[in-house]
Every structure is written in structure tokens, then in C-alpha cells.
Amino acid sequence: MVGGEGVGSTGSLVCVGVGMTLGSHITPLARSYIEKSDVVFTVMPDGVMDLWLARMHRDVRSLQTYYREGKSRLQTYREMVDVMLAEVRGGKHVCGAFYGHPGVFTWPTHQAIEIARSEGYPACMEPGISAADCLYADLGIDPGKYGCQHFEASQFMFYRRRVDTAAYLVLWQIGVAGDRSLARFSTGVSYRQICVDVLSRDYNLAHEVILYKAVTLATSRPDIVRLPLHALPDAECDMHSTLVVPPASALEPDEETRERLRALDEAG
Amino acid sequence: MRKLASGCAPWMRPDESEVINTDGGVVSDINDCVAFLEQLGADAALARTTPNELARLLADAGIGGAAAAAILSGDNGSLARLLEAPATVCCLIAPGEEEDEEEEEEPEEDEEEAEPGTARPPSRNFATRRGRRAA
């Protein structure tokens, strides 16, 4: 089914995104892959979305069963890869349906596709509407206006990054910020305090930041909480939360490069 | 219930399409609830419904009692429990750090040929190598 292979000739893998909101975001192609695959594996942020996918296919298997608090999520992700690839190797056309975009802040899909291809199976990814896309729409942010940096919150804390305070900064998975074990489903006030300490290298503690959660069911509204940076540790955060730090400084003209470009124009 | 948007596949698991006996005495079908939510998410005409309009739409769809109350209040957790939806344990699908981060990188040919002191951004190869090893 993927890459022009005939049904039954060999296994294949396609990872599709169903978007963030039930019924609103799924593409015709993603729906078609779900309907026509032999088996569908899912990771959804809401069980009702699993019920929705079960209306499209009789063999929908949630990968939620591999998560367990206290167990490394990397192990969980590897098991997700293994279970999808086992069916591919068994000759089935497999669809991995993930919420949002299947390739954005999503480890198992990239791994599964890379391994499937290395073993000679057709494998591809079809994009979906990601939480970032919803964030841009709901918060009225155009990433092209000032630029936008995206980091996984814990990675942002583990490594020294060059923060451009003239651009937006988005930290994903802020609810588990600083979790070195990958085994927690939330981290607490003291962990977010360290995140604030890291951010305070570049931002004033009074700078307004935004905690954001996208909508999964159309009956809800996006969750948008504006607060000063110093209040972040005590704010309500969970695994759905994303931190947005708006620009805190003006764009700084690069006079040297502008002069070189001016000279180039005049020479031409 | 109201007619669904086209393209919606038929319910294929009749054994799991159970009725919910809600506390309001109204019987709602799981299939009806999910179809209603799908239609609500897909129909521009329903995108800006007021709570009163939503209540009327739910009644028209034959969805009442606790299920309707959960939908009206945006209580996704209660709705999922009422519909006996699969439990959502976690929705994190990206690790902050991969376990082999500290391992020493083997130099590749292009790195060996690079002039000392030449500043370069992390290459695509770097990211790909890490990904392969983690597998």
C-alpha cells in the first residue's frame, strides 16, 4: 500500500497524524490509510479519539498499554516500534496513527520508519496538524514574524542552548521538565523552578509567558493561561501543557551583513 | 440522530456499541456520541455554537443525561469514562534525552578531513547517527 506495493506482496508501514481535534483535522489521505491498512496502532491524548478511530477500522490497537509510570518512556517507545514492525515483518500493511503530526516531537514514528526502510519495507509518513499549528492559531502567533525556537523542555534544561530573546521560544512537555529518568508523568514545582532559573539567564522574571493546551474535543476551548515567568513553578501544568515565551527584546539589525548586501546591489 | 458528514465509515464493532444508561433516564449510544463529536468537529456551521444551541443539538441527536452534561461542560475525562473509552495513561511521545547521549561519537570521514578550528553547525549525520544507535 505504501510506495506502490500491491496488497499482500509485502508488509508496509505508514505513520499518519490525525491532528489534535477529533473530527476537525484529519486529512482525507490519513483517513484512507487508516481505513485501508490491515492493522492500526494508535497513540491518542484522549480515549474518545480512540473510539473515533475504532469507527474507521475493526482492528485498532492502542499503544497506551505500553506506558507505565516508573518505566522509562524510551523503553515504551522502543516497544511501540517493535510491535508495529513485528506486524510489518509479518506481511501486514500497518498504520501508526498518532495525534497531532506523527513526526513532530514523536520518537517512535521516525524510528519505526527508519528501521522498516533499512529492512527493505516500504515506509512513509503523512503529516498532520500538530499542537504547534493549533498554538499558532489559538495564540495568534506567526512564527515568521519574529522567528520561533522550539525545544523539548527537559532537553532545554540539560544542554546550554543559544536563546534568541527576539524570537518566540516554545518549550514542549513542560509538565515533565527536568525529568532525567523519563519515567515520570509529571515533575513538580522544584523542577519547574530550575527551568525558570535557566530561563532567567535570558528573561526578566516579570516577563509574561503563556501556558497552552490545544483542544482535543470540539466541545472544549483551548486552555490559555498568561502569567509572569516567576509564577511558572506554582502554575498548574500537566503532560498536555506547553510553555510559550514571547519575544523579550527587539530585533537587532546586522549592519555588517546589510552593508555587504547593499554593496552587492550597487555593484550589480 | 442527525445525519453524519459524508465519508464517515460505518461502525464496525457492533459488539462494543453498547448503550449508556445515564442518570437522566435517557439512553445514549456510544456510537451516537462519537459521531456527534466528529460532526461537531467537522462542521463549520457548528463551530461557534452557544451552550444553548449545543444542548439542543445534543437533544436532537438523542444524547442526554450524564453524557450530554459531560459534553456541555467540556468534561472530557467524565465523557471518556461514560463511553468506556480506552484509558489514556500518557501522551508524551518524545524523550527529552536518549540514553546513549554520553557515548563517544565515532569520527566519520568528513569529520577527519575537516580543518582544525573550523566551526560547523551540528551536521545532519550527527542526528542520524544518534537515531540509529538508539534503535
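Residues numbered from 1 in each chain as written. Chains lettered and ligands numbered in written order. Predicted model: local features only at pLDDT ≥ 70, side-chain atom pairs only at ≥ 80, totals over all residues.

Colleague: Please give an account of the overall build of chain A that cites residues and values.
Modeller: Secondary structure summary: chain A contains 9 helices and 10 strands in total. Viewed in the frame of its principal axes, chain A has a C-alpha envelope of about 60 × 55 × 35 Å. Per-residue burial for chain A yields a buried fraction of 48% across its 268 residues. Long-range pairs, those at least 24 residues apart, make up 64% of the contacts in chain A between residues at least 6 apart in sequence. (Helix = DSSP H or I, 4+ residues; strand = E, 2+ residues; numbered from the N terminus. Buried ≥ 20, exposed ≤ 12 C-beta atoms within 10 Å, placed from the backbone. Contact = placed C-beta atoms within 7 Å.)

Colleague: I'd like to hear about the nonpolar core, residue by residue, with values.
Modeller: Counting residues in each nonpolar core, the largest one holds 101 residues, and the members touching the most others are Leu13(A) and Val48(A). Not counting chain neighbours up to four residues away, the residues in contact with Val48(A) comprise Leu22(A), Leu217(A), Val34(B), Leu37(B), Asn76(B), Leu79(B), Ala80(B), Leu83(B) and Ala85(B). (Core = buried A, V, L, I, M, F, W, Y, C linked by C-beta atoms within 7 Å.)

Colleague: Let's hear about the sheet that holds strand S4 (residues 93–98) of chain A: which residues, and what values?
Modeller: Residue and element names in this part refer to chain A. Spatially, S3-S2-S4-S1-S5 is the arrangement adopted by the 5 strands of the open sheet, whose pairing is parallel. Two strands close off the open sheet at either side, each with one partner strand: strand S3 (60–62) and strand S5 (123–126). Within this sheet the neighbouring strands show an average axis-to-axis angle of 20 degrees, counted without direction. For strand S2 (residues 39–43) and S4, the ladder comprises 5 bridges, and the chain directions are parallel. The partner of threonine 42 across the bridge, within S4, is alanine 97. Helix H1 (residues 28–36) contacts strand S1 (12–17), S2, S4 and S5 of the sheet and is inclined by roughly 135 degrees relative to S1. (Pairing = 2+ DSSP bridges. Axes fitted to C-alpha atoms, helices over the stretch in contact; angles between N-to-C directions.)

Colleague: Please provide a residue-by-residue account of the sheet that holds strand S9 (residues 223–228) of chain A, values included.
Modeller: The strands making up a sheet associate through hydrogen bonds between their backbones, and the pairing can be parallel or antiparallel. Residues and elements named next belong to chain A. Pairing is mixed across the open sheet formed by 5 strands, whose spatial order is S6-S7-S10-S8-S9. What marks the edges here is a single partner per strand, and that holds for strand S6 (148–152) and S9. Neighbour to neighbour, the strand axes of the sheet diverge by 20 degrees on average, direction disregarded. Note: S6 against strand S7 (residues 168–172), 5 bridges, orientation parallel. The partner of glutamate 152 across the bridge, within S7, is tryptophan 172.

Colleague: I'd like a description of the interface of chain A and chain B, backed by residues and values.
Modeller: Frequently, the measure chosen for interface size is the accessible area that the parts lose on association. On the chain B side, the residues contacting the 50 residues of chain A number 35 residues. Looking at the side of chain A that touches chain B, the elements that each hand over two or more residues are helix H2 (47–54), helix H3 (73–89), helix H4 (107–118) and helix H7 (153–158) of chain A. In the side of chain A that touches chain B, the residues fall into 25 nonpolar, 16 polar and 9 charged. (Nonpolar A, V, L, I, M, F, W, Y, C, P; charged D, E, K, R; others polar.)

Colleague: Describe the packing of H2(A) against helix H1 (residues 30–42) of chain B, with residues and values.
Modeller: Viewed as axis vectors pointing N to C, H2(A) and H1(B) meet at an angle of 100 degrees, and their least axial separation amounts to 10 Å. Relative to H1(B), the element H2(A) lies roughly perpendicular. Facing H2(A), whose interface residues are Val48(A), Leu51(A) and Trp52(A), H1(B) presents Ile30(B), Val34(B), Leu37(B) and Glu38(B). Its residues placed into classes, the contact of H2(A) with H1(B) shows 6 nonpolar, no polar and 1 charged. (Parallel < 35°, antiparallel > 145°, perpendicular 65-115°, else oblique.)

Colleague: With reference to specific residues and values, describe helix H8 (residues 189–199) of chain A.
Modeller: An α-helical segment advances 3.6 residues per turn. Residues three or four places apart therefore align on the same side. All names here are of chain A. Residues of H8 that are buried include every one of Tyr191, Arg192, Cys195, Val198 and Leu199, and no others. Projection of H8 onto a plane perpendicular to its axis shows the buried side chains occupying an angular sector of 105 degrees, all on one side. Of the residues in H8, the exposed ones pointing more than 90 degrees away from the buried face are Val189, Ser190 and Asp197. Tucked into the core, H8 has its buried residues touching H7 and strand S10 (242–245). (Arc of directions from axis to C-beta.)

Colleague: Can you break down the packing of helix H2 (residues 51–60) of chain B against helix H3 (residues 65–73) of chain B residue by residue, with the values?
Modeller: All names here are of chain B. The contact between H2 and H3 brings their axes to 10 Å, and the two run at 150 degrees. What the angle tells us is that H2 and H3 run roughly antiparallel. The way H2 lies across H3 gives a crossing that is right-handed. Across from Pro51, Leu54, Ala55 and Leu58 in H2, the residues of H3 making contact are Ala68, Ile71 and Leu72. Broken down by class, the residue content of the contact of H2 with H3 amounts to 7 nonpolar, no polar and no charged. (Left-handed = near helix turned anticlockwise from the far one by under 90°.)

Colleague: Describe the domain arrangement of chain A, and please don't skip the residues or the numbers.
Modeller: Residues and elements named next belong to chain A. Domain parsing of chain A yields domain 1 (2–129) and domain 2 (132–245). On a C-alpha basis, the centroid separation for the pair domain 1 and domain 2 is 27 Å. Facing 18 residues of domain 1, the contacting portion of domain 2 comprises 16 residues. Residues of the side of domain 1 that touches domain 2, tallied by class, amount to 9 nonpolar, 5 polar and 4 charged. (Domains from an automatic or database assignment.)

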